[in-house]
Amino acid sequence: MAKAKSAFVCTECGAEYSKWQGQCSSCQEWNTLSEVRLSAARPGASTPGASGRSGYAGNLSREVVDLGNVDLSEVPRLSSTFEEFDRVLGGGLVPGSAVLLGGHPGAGKSTLLLQTACKLAQSRQVLYVTGEESLSQVAMRAHRLQLPTRGLKMLAETSVETVLAVAERERPEILVIDSIQTMHLEDIASAPGGVAQVRESAAALTRFAKRSNTVLLLVGHVTKDGTLAGPKVLEHMIDASLLLEGGADSRFRTLRGQKNRFGAVNELGVFAMLEHGLKEVKNPSAIFLSRSEALASGSLVMVVWEGTRPLLVEVQALLDESALGNPRRVAVGLDQNRLAMLLAVLHRHGGLFTGDQDVFLNVVGGVKVLETSADLAVLLAVVSSLQNRPLPRELVVFGEVGLSGEIRPVPSGQERIVEAAKHGFTRAIVPSGNAPKRAPAGMEVVAVDKLTDALEAL
């Protein structure tokens, strides 16, 4: 009997090696190589949509086409029935695209896709493949959510060959796979969820979607650190990678686009988990701005830019005298290293010492702020808590703080000011580069160049 061949594949970048080594030479990561067994395809075996090496983009064209002659009207977008979902996707589902939806257990991935599939099935051909739950379990959840179940075609299967054969026969417009970690190909001698199985199963399903112009929706698991499980090459195959976030103690869920070939990256959609499933939040700023009536020090509203729209969120700072030799620096929803840098800028250029204080920072609502426009709001909230001086409720702040104490402008400053004015804010502290020629009615805009100017404006 011939000895089974094996290879060692990096789970981060997908690079293959003939023998194990401690560090991947491609991505320089340590201890990421895992062994996979290789086997040749069985003679006569055929996988619909997966036979032949036609690439992830489906069948390769042998003709050269001028880019200006490509007709965009041939690929109209399909609405997912959720405006927030469509926003994150860039306007809707694109035929022939592969979308990967990840998230922690209990975040609502299967619930969101089941709601979408049930509503789309009323007017389109939808095939829902479940590999983790039985058909009765999915039916029970649909009944509990009071969803329309007529018209949705279901399949409980984990074999990619069988799924593709059924998809060839049914010809659905939307194909949902829950989840990609449970799928397997018969020709690959490794367990489902392994590097080789996930990579080849996703490649076969993506080739079918490109060739048949089918919308492919994949559910993906995440690791304990929040990244998508499986080989890194999986994220290169797909067209859009979405992450559904939300803690078990919060009823709000945020859907963020991490990769999107058809829209803006880092677009944010907000949902509320209710008794009958996920409900989209049309005005998330109103949710994140539900503040208490009593004024409190260390609380301030800032305007961040998420994808293609401004979002108003509240940042809270708490400073307390530390009993430790090394004071704590805790940031929830913000970068902790950037907080330490901003505190150093505040001491050097603002003259306020926080080296003997424990500093706690929190973004209300569970939002993760990834941009630098929150710098100025963070420092002013810290100053408010340090001096125990409440800030006015009608004040809104944004701006990037440099290491020399300068206040740098941020993108889309005019739109941020207009959004704040819509929610009733009457005073704004912004960088000079973002000061509008004409402020919105009822809004006083204070333009600052340095951190000391912002502290004086308080």
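This paragraph deals with the nonpolar core. The biggest cluster of nonpolar side chains holds 48 residues, and the ones touching the most others in it are Leu376 and Ile429. Sort the elements by how many residues they give to this core and helix α9 (residues 375-386) lands first, with 8 residues. Contact partners of Leu376, with chain neighbours within four places excluded, come to Val397, Phe398, Gly399, Val401, Ile407, Ile429, Val448, Leu451 and Ala454. Counting 37 residues, the second-largest nonpolar core is a separate cluster that includes Ala7, Val129, Leu185 and Leu205.

Remark: helix α4 (residues 160-170) packs on helix α5 (residues 195-212), axes separated minimally by 10 Å, with the N-to-C direction vectors making an angle of 10 degrees. When the axis of α4 is compared with that of α5, the two are roughly parallel. Contacts between α4 and α5 involve Val160, Val163, Leu164, Ala167 and Glu168 from the former and Ser201, Ala204, Leu205, Phe208 and Arg211 from the latter.

This next bit is on the sheet that holds strand β13 (residues 299-306). The strands that make up a sheet pair up through hydrogen bonds in the backbone, lying either parallel or antiparallel. Within the open sheet, the 7 strands sit side by side as β15-β16-β14-β13-β17-β20-β21. Their pairing is mixed. In the strand order of this sheet, the two ends are held by β15 (329-332) and β21 (444-448), each with one partner. Each adjacent strand pair in this sheet contributes to an overall mean axis angle of 25 degrees, direction not counted. Judged from the 7 bridges that link them, strand β14 (residues 309-321) and strand β16 (residues 357-363) form a sheet pairing that is antiparallel. Residue pairing across strands places Val315 opposite Val363, the latter belonging to β16. Packing against the sheet, α9 makes contact with β13, β14, β16, β17 (395-397), β20 (427-431) and β21, and its axis sits at approximately 35 degrees to β14.

Quick look at the sheet that holds strand β8 (residues 215-220) now. With mixed pairing, 9 strands are arranged side by side in an open sheet as β6-β5-β7-β8-β4-β9-β10-β11-β12. Each edge of the sheet is formed by a strand with only one pairing partner; in this case those strands are β6 (153-156) and β12 (277-280). Pairs of neighbouring strands in the sheet enclose a mean axial angle of 25 degrees, with direction left out of account. Pairing between strand β7 (residues 174-178) and β8: 4 bridges, direction parallel. Across the sheet, residue Val176 finds its bridge partner in β8, namely Leu217. Where helix α2 (residues 109-120) meets the sheet, it contacts β4 (98-103), β5 (126-130), β7, β8, β9 (240-245), β10 (252-260), β11 (268-274) and β12, and its direction lies at approximately 155 degrees from that of β5.

As a further point, take helix α10 (residues 413-422). Looking only at α10, the buried set comprises Gly413, Arg416, Ile417, Glu419 and Ala420. The buried residues of α10 all sit within an arc of 160 degrees when viewed along its axis, so they share a single face. Against α7 (284-288), β13, β14, β17, β20 and β21 lie the buried residues of α10. Looking one or two residues past α10, Gly424 carries a phi angle of roughly 90 degrees, positive in sign.

Quick look at the packing of helix α8 (residues 336-350) against α9 now. Across the interface, α8 lies against α9 with an axial gap of 10 Å and an inter-helix angle of 65 degrees. The handedness of the crossing between α8 and α9 is right-handed. The residues of α9 that touch α8, namely those facing Arg338, Leu339, Leu342, Leu343 and Leu346, are Asp375, Val378, Leu379, Val382 and Val383. Its residues assigned to classes, the contact of α8 with α9 comprises 8 nonpolar, no polar and 2 charged.

Here is what the cut-offs are and how they apply
Residues numbered from 1 in each chain as written. Predicted model: local features only at pLDDT ≥ 70, side-chain atom pairs only at ≥ 80, totals over all residues. Heavy atoms only, no water. Core = buried A, V, L, I, M, F, W, Y, C linked by side-chain atoms within 4.5 Å. Buried < 20%, exposed > 50% of the residue type's maximum accessible area, 1.4 Å probe, protein only. Helix = DSSP H or I, 4+ residues; strand = E, 2+ residues; numbered from the N terminus. Contact = heavy atoms within 4.5 Å. Axes fitted to C-alpha atoms, helices over the stretch in contact; angles between N-to-C directions. Parallel < 35°, antiparallel > 145°, perpendicular 65-115°, else oblique. Pairing = 2+ DSSP bridges. Arc of directions from axis to C-beta. Left-handed = near helix turned anticlockwise from the far one by under 90°. Nonpolar A, V, L, I, M, F, W, Y, C, P; charged D, E, K, R; others polar.

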